[in-house]
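# Fold and geometry: a report
Chain by chain, the residues run as shown.
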Amino acid sequence: MATTKKTSFKTKTAEPKKKTTRQASSVNGMADPKPKLTDLAYDQLEEAIITLRIPPGSVISELTLSEMFNIGRTPIREAIQRLAREHLLLVLPQRGLMVPEIDLKKQLKLLETRREVERLICKSAARRATPAERETFARLHDEFMHASSTNDDVTFMRSDREFNDLTLVAARNEFAEGAMRLMHGLSRRFWYFHYKQAADLPEMARLHANVAGAIAKGDVAAAGEGLDRLLDNIETFAKATLMSDM
């Protein structure tokens, strides 16, 4: 078992981020609502964990996170509860919080489940997306292609997160959404942790672009086939990572 470590972080102002799906939506032409502090806390803390600013095995405190993101402790506490449900944080009674280590064998089990659920979500999104959502999928297709050509991992990760959120909205299936939200963060963190040793970021971005483009066009069959090719790539990557660590 890896030894946990008490980690200190410098307070850092996060760079401005593009609007997430929930921030970008508007109703009946009204101005976009301001994002809630809880959502901001969740977005920034999740990204810090996914991109390893807060690395696996770190033991941190609610106060440290509040100071790190310059957000009050109540929104931070609510964000922590959400991330604990998604297995990206462990609450240690009387000790604080720990970012769990990455478990390669569990990742393969997660992929088995993810393939079935995400295929349903992507095909449903292609069938049910609104015209405005299809426009966003078309934009995400272009952003993935740009990330592919520039090999920009942070841009890819942010586009991937917006894509994931939008597919869950567009699928309009709250049961599949609940299952998938438990897997997205763990999957992205695993990929980010290992991609430099085994993954092909340009190819990964192109595969995401294919799925986004199919959903934008309302092509249900192509969305399902594109998702299978994407997860074939991810599974091959996960197995190669597992073998390299044995």
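This report concerns the structure included in the present document. All figures in this text were calculated on a predicted structure; none of them were measured in a lab. Chains are numbered independently. Their residues run from 1 in the order of the written sequence. The model is predicted, so local features are restricted to residues of pLDDT at least 70 and side-chain atom pairs to those at 80 or more, both for listing and for counting; the totals for chains, interfaces and linings are taken over all residues. Only heavy atoms go into the side-chain values, all of them from the structure, while hydrogens and water stay out.

## Things to note about the overall build of the protein
A count of helical and extended segments in the protein gives ten helices and four strands. The secondary structure listing takes helices from DSSP runs of H or I that are at least 4 residues long and strands from runs of E that are at least 2 residues long, numbered from the N terminus. When the elements of the protein are put in sequence order from the N terminus, they spell out β-α-α-β-α-α-β-β-α-α-α-α-α-α. In the protein, which comprises 246 residues, the proportion classed as buried is 49%. Only protein chains enter the accessibility calculation, which uses a 1.4 Å probe; a residue is then buried when its area is under 20% of its type maximum, exposed when over 50%, and partly exposed in between.

## Quick look at the side chain of E62
In this structure, E62 sits in helix 3 (residues 62-69). Judged by relative accessible area, which is 17%, E62 ranks as buried. N or O atoms within 3.5 Å of each other form a polar contact, as long as, within protein, one can give a hydrogen and the other can take it, and as long as residues adjacent in sequence are counted only when both atoms are side-chain atoms. Side chain to side chain, E62 and R73 meet in a polar contact 3.1 Å long. Excluding anything up to four places from it in sequence, E62 contacts R73, I76, R77, I80 and L97. Any pair of residues with heavy atoms lying within 4.5 Å of one another is described as a contacting pair.

## Describing the environment of L45
Looking at the secondary structure, you find L45 in helix 2 (residues 37-50). Relative accessible area serves as the criterion here: at 0%, L45 is assigned to the buried category. Between the C-alpha atom of L45 and that of F69, which follows or precedes it by 24 residues, the distance is 8.0 Å. Apart from residues no more than four positions distant in its own chain, L45 is found in contact with I54, L65, F69, I80, L83 and L89.

## Considerations on the nonpolar core
Among the nonpolar cores identified, the biggest contains 66 residues, and L45, L65, L89, W191 and I215 are the most heavily contacted of them. When neighbours within four sequence positions are excluded, L89 is seen to be in contact with L45, I49, I60, I80, L83, A84, L97, M98, V99 and P100. Within this scheme, the nonpolar core is defined by two criteria: the residues are buried Ala, Val, Leu, Ile, Met, Phe, Trp, Tyr or Cys, and they are joined through side-chain atoms within 4.5 Å.

## Notes on the pattern of salt bridges
By convention in these notes, a salt bridge is any Lys or Arg side-chain nitrogen within 4 Å of a carboxyl oxygen on Asp or Glu. Overall, the coordinates contain 20 salt bridges when judged by the stated rule. A salt bridge links E46 to R161, with the shortest nitrogen-to-oxygen separation between them at 3.1 Å. Here E46 is found in helix 2, whereas its partner R161 is found in helix 7 (residues 153-171), with 115 residues between them in sequence. For the pair shown, E46 and R161 are each scored as buried. The structure contains a network of salt bridges with shared partners spanning R115, E116, R119, D228, D232, E235 and K239.

## Looking at the packing of aromatic side chains
In summary, the pairing rule links any two rings of Phe, Tyr or Trp, Trp by its six-membered ring, whose centres are within 6.5 Å, and it sorts them by plane angle into stacked for under 30 degrees, edge-to-face for over 60 and tilted for everything else. Scanning the model with the defined rule gives five aromatic pairs in all. On the basis of an interplanar angle of 80 degrees and a centroid distance of 5.9 Å, the ring pair of F144 and F163 is categorised as edge-to-face. Here F144, found in helix 6 (residues 131-150), pairs with F163, found in helix 7; they are 19 residues apart in sequence, far enough to count as distant. Using a relative accessible area of 0% as the deciding quantity, one classes F144 as buried. Centroid distance F156 to W191: 5.1 Å. Interplanar angle 50 degrees. Geometry classified as tilted. Of this pair, F156 sits in helix 7 while W191 sits in helix 8 (residues 174-198); the two residues are 35 residues apart in sequence, bridging distant segments of the chain. One aromatic cluster is present, built from ring pairs that chain together F137, F144, F156, F163 and W191.

## Things to note about the layout of surface pockets
Here a cavity means grid points, on a 1 Å grid over the protein atoms only, where a 1.4 Å probe fits yet cannot get out; a pocket means an open set of points with protein on both sides within 12 Å along at least five of seven lines; lining residues are those with an atom within 4 Å of a point. Grid points are joined across faces, edges and corners, and a volume is the space filled by probe spheres set on the points. Put simply, the largest pocket is a space of about 370 Å³. Every residue lining the largest pocket is counted, 14 residues in all, and those nearest its centre are H87, E101, D103, K106 and L186. At the level of elements, helix 5 (104-128) and helix 8 are the ones that each hand at least two residues to the lining of the largest pocket. Ranked by the residues each element gives to the lining of the largest pocket, the list is headed by helix 8, at five residues.

## Describing the packing of helix 2 against helix 4 (residues 73-85)
In this analysis an axis means a line fitted to C-alpha atoms, helices contributing only their contacting stretch, and an angle means the value between N-to-C directions, from 0 to 180 degrees. The contact between helix 2 and helix 4 brings their axes to 8 Å, and the two run at 55 degrees. One finds that helix 2 runs oblique with respect to helix 4. Every pair of crossing elements has a handedness; the one defined by helix 2 and helix 4 is right-handed. For the pair helix 2 and helix 4, the contacting residues are L37, T38, D39, A41, Y42, L45, E46 and I49 in the first and P75, I76, E78, A79, I80, R82 and L83 in the second. Looking at side-chain class alone, the contact of helix 2 with helix 4 contains ten nonpolar, one polar and four charged residues. If an angle is under 35 degrees, it is roughly parallel; if it is over 145, roughly antiparallel; if it lies from 65 to 115, roughly perpendicular; otherwise it is oblique. A crossing counts as left-handed when the near helix is turned anticlockwise from the far one by less than a right angle, and as right-handed when that turn is clockwise. All amino acids are sorted into three groups, where Ala, Val, Leu, Ile, Met, Phe, Trp, Tyr, Cys and Pro are nonpolar, Asp, Glu, Lys and Arg are charged, and the leftover types, Gly among them, are polar.

## Side note on empty space enclosed by the protein
Within the structure shown, the criterion is met by three cavities of 30 Å³ or more. Those elements giving two or more residues to the lining of the second largest cavity turn out to be helix 7, helix 8, helix 9 (201-217) and helix 10 (220-244). At five residues, helix 8 tops the list of elements feeding residues into the lining of the second largest cavity. For the lining of the second largest cavity, the per-class residue count stands at seven nonpolar, four polar and three charged.

Read these as geometric descriptors, not functional statements.
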